[in-house]
Amino acid sequence: MTRRLAEVAKKVGVSEATVSRVLNGKAGVSEATREAVLTALDVLGYERPTQLRGERARLVGLVLPELQNPIFPAFAEVVGGALAQQGFTPVLCTRTVGGVSEADYVDLLLQQQVSGVVFAGGLYTQSGVVHDHYLRLIDRRLPTVMVNAAADHWEFPRVSCDDTIAVEQSLGHLRALGHERIGLIVGPPDHMPSIRKLDAFRAQGGERVEHTMHSLEGGHAAAVKLLRQQVTGIICGSDPLALGAIRAARREGLRVPADVSVIGYDDSALMNCVDPPLTTVRQPIEAMGRAVVELLVSQIDGAAVATGELLFEPELVVRSSTGRMGALAV
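First, a word on what this report is: a plain description of the structure on this page. Nothing here was measured: the structure is a model prediction, and the numbers come from that model.

Across its full length, the protein chain holds eleven helices and twelve strands. When its C-alpha atoms are laid out on the principal axes, the protein chain stretches across 75 × 40 × 35 Å. Of the accessible surface of the protein chain, which amounts to about 15100 Å², a share of 51% is contributed by carbon and sulfur atoms. Here the protein chain contributes 32 positively and 37 negatively charged side chains, and the mean placements of these two sets differ by 4 Å.

Shown next as structure tokens:
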């Protein structure tokens, strides 16, 4: 008990006596200090006293699938900053293969009495699969927001980038450059955002498609198959996929963009610094992140929030990985 008092007091910057007063529910402590002590208790992993467990902590779970793709740390930075401005502390939860699962994190967050949860790239992206941990959130009526969730069957507010427009922009750009044999690389067949991109691609007359895992290696393997079909333009469902496609083109003895043009998706960090600088579709992460926090805080405050999908329009950022069909490299 003494150790717990000392750690919490140090974390908040108050005396152990003040921490003791909060934990014992005594008067004489400001509301701001009281909230700070309870939040520190949660962050340090200590259980709240029984009489305080009914109150939700000013913590928000931020559940991400990975941190290797730069778009996820960028999103976490935007959401974390916006949450801090509202007086909330983000708790970052990253899934690991063979380790802590998304369901495990939900259990941990519920035990910590968090005020809400934000999911980005969650398991909800799997078509036709129902995951029980989302049902637990619904049962608890815990404020929740999903990002890029093409999942109308979940009763949560959703914030997404418009995949249809992203594909239309990419195809329009390549066709304007004279490309006719264009391929698409997207994620697994049951990945809902990939399904949306595929539907848009086919609606615009696209035929050559490869499904793969969202990684540089996956992009490489899929691009080899497309290049052997003699495509001259490749649209990718993420920037790592696009980098893999560029690597594949070079190993096949082709030049980018003189022989093949490649377009990514996300405009994640440093894509203007790779060789060649990547043409990509930029997700408006700043606007999307702030919308996520606004929806979440509104729920926490008890306001009614629509459970539909809020779509944001992406922007095609043209750099040097795309060029006119048949143009010579300079």
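So, about the pairing of strand E1 (residues 59–64). Across the six residues of E1, six count as buried, placing the element largely inside the fold. Of the two faces of E1, the one holding Leu 59, Gly 61 and Val 63 and the one holding Val 60, Leu 62 and Leu 64 are both buried throughout. As paired elements, E1 and strand E2 (residues 89–94) share six bridges and run parallel to each other. Each residue of the ladder has a partner; that of Val 60, found in E2, is Pro 90.

One pass over the full model with this rule turns up one cavity of 30 Å³ or more. Estimated volume of the largest cavity: approximately 40 Å³. Forming the walls of the largest cavity are Ala 166, Val 167, Ser 170, Leu 184, Lys 197, Ile 235, Cys 236, Gly 237, Gly 264, Tyr 265 and Val 281. Secondary-structure elements contributing two or more residues to the lining of the largest cavity are helix H7 (163–176), strand E8 (233–236) and strand E9 (261–266). Per element, the largest residue contribution to the lining of the largest cavity is three residues, and it comes from H7. Across the lining of the largest cavity, the residue classes break down as seven nonpolar, three polar and one charged.

Counted according to the given criterion, the structure contains two aromatic pairs. On the numbers, 5.3 Å between centres and 85° between planes, the contact of Phe 119 with Tyr 134 is edge-to-face. Of the two residues, Phe 119 sits in strand E3 (residues 116–120) while Tyr 134 sits in helix H6 (residues 132–140), which places them 15 residues apart along the sequence. When the centroid spacing of 6.0 Å and the interplanar angle of 50° are considered together, the rings of Tyr 124 and Tyr 134 count as tilted. You can see Tyr 124 sitting in the loop between E3 and H6 and its partner Tyr 134 sitting in helix H6, a full ten residues away along the chain. On the basis of relative accessible area, Tyr 134 is assigned to the buried category, the value being 0%. The structure contains a cluster of three or more aromatic residues connected by ring pairs, namely Phe 119, Tyr 124 and Tyr 134. Directly above the ring of Phe 88 sits Arg 58, whose terminal nitrogen or CZ lies 4.1 Å from the centroid. A cation over an aromatic ring shows up here: Lys 197 above the ring of Tyr 265, its NZ or CZ 4.1 Å from the ring centre.

Below, the discussion takes up helix H8 (residues 192–203). A rise of 1.5 Å per residue sets the reference length of H8, with its twelve residues, at 16 Å; its end C-alpha atoms lie 16 Å apart and thus fit the reference within 8%. Those residues of H8 lying buried are Met 192, Pro 193, Ser 194, Lys 197, Leu 198, Ala 200 and Phe 201. Where H8 terminates, the next one or two residues include Gly 205, which has phi positive at roughly 90°.

Attention shifts here to the layout of surface pockets. Put simply, the largest pocket is a space of about 960 Å³. Considering the residues around the largest pocket, the lining is formed by 37 residues, among which Pro 65, Phe 72, Gly 121, His 191 and His 214 are closest to the centre. Of all the secondary-structure elements, those providing two or more residues to the lining of the largest pocket are helix H4 (71–85), H8, E9 and helix H11 (285–300). Across the lining of the largest pocket, the residue classes break down as 15 nonpolar, 16 polar and six charged.

Turning next to the sheet that holds E1. Strand order across the open sheet formed by six strands is E2-E1-E3-E4-E5-E11, with parallel pairing between neighbours. Each having just a single partner strand, E2 and strand E11 (309–312) make up the two edges of the open sheet. The mean angle between the axes of side-by-side strands here comes to 20°, regardless of whether they run parallel or antiparallel. As judged from the two bridges shared by strand E4 (residues 144–147) and strand E5 (residues 158–161), these two strands associate in the parallel manner. Along E5, the bridge assignment pairs Val 147 with Val 159. Relative to the sheet, H11 contacts E1, E3, E4, E5 and E11, its axis offset from that of E4 by approximately 160°.

What counts and how
- Residues numbered from 1 in each chain as written.
- Predicted model: local features only at pLDDT ≥ 70, side-chain atom pairs only at ≥ 80, totals over all residues.
- Heavy atoms only, no water.
- Helix = DSSP H or I, 4+ residues; strand = E, 2+ residues; numbered from the N terminus.
- Areas by Shrake-Rupley, 256 points an atom, 1.4 Å probe, with all protein chains shown as cover.
- Lys, Arg positive; Asp, Glu negative; His and termini not counted.
- Charge placed at Lys NZ, Arg CZ, Asp CG, Glu CD.
- Buried < 20%, exposed > 50% of the residue type's maximum accessible area, 1.4 Å probe, protein only.
- Pairing = 2+ DSSP bridges.
- 1 Å grid on protein atoms, 1.4 Å probe; cavity = no way out; pocket = protein on both sides within 12 Å on 5 of 7 lines; lining within 4 Å.
- Points joined across faces, edges and corners; volume = space filled by probe spheres on them.
- Nonpolar A, V, L, I, M, F, W, Y, C, P; charged D, E, K, R; others polar.
- Phe/Tyr/Trp six-rings, centres within 6.5 Å; stacked < 30°, edge-to-face > 60°.
- Lys NZ or Arg CZ within 6 Å of the ring centre and 35° of its normal.
- Expected span 1.5 Å × (residues − 1).
- Axes fitted to C-alpha atoms, helices over the stretch in contact; angles between N-to-C directions.
- Contact = heavy atoms within 4.5 Å.

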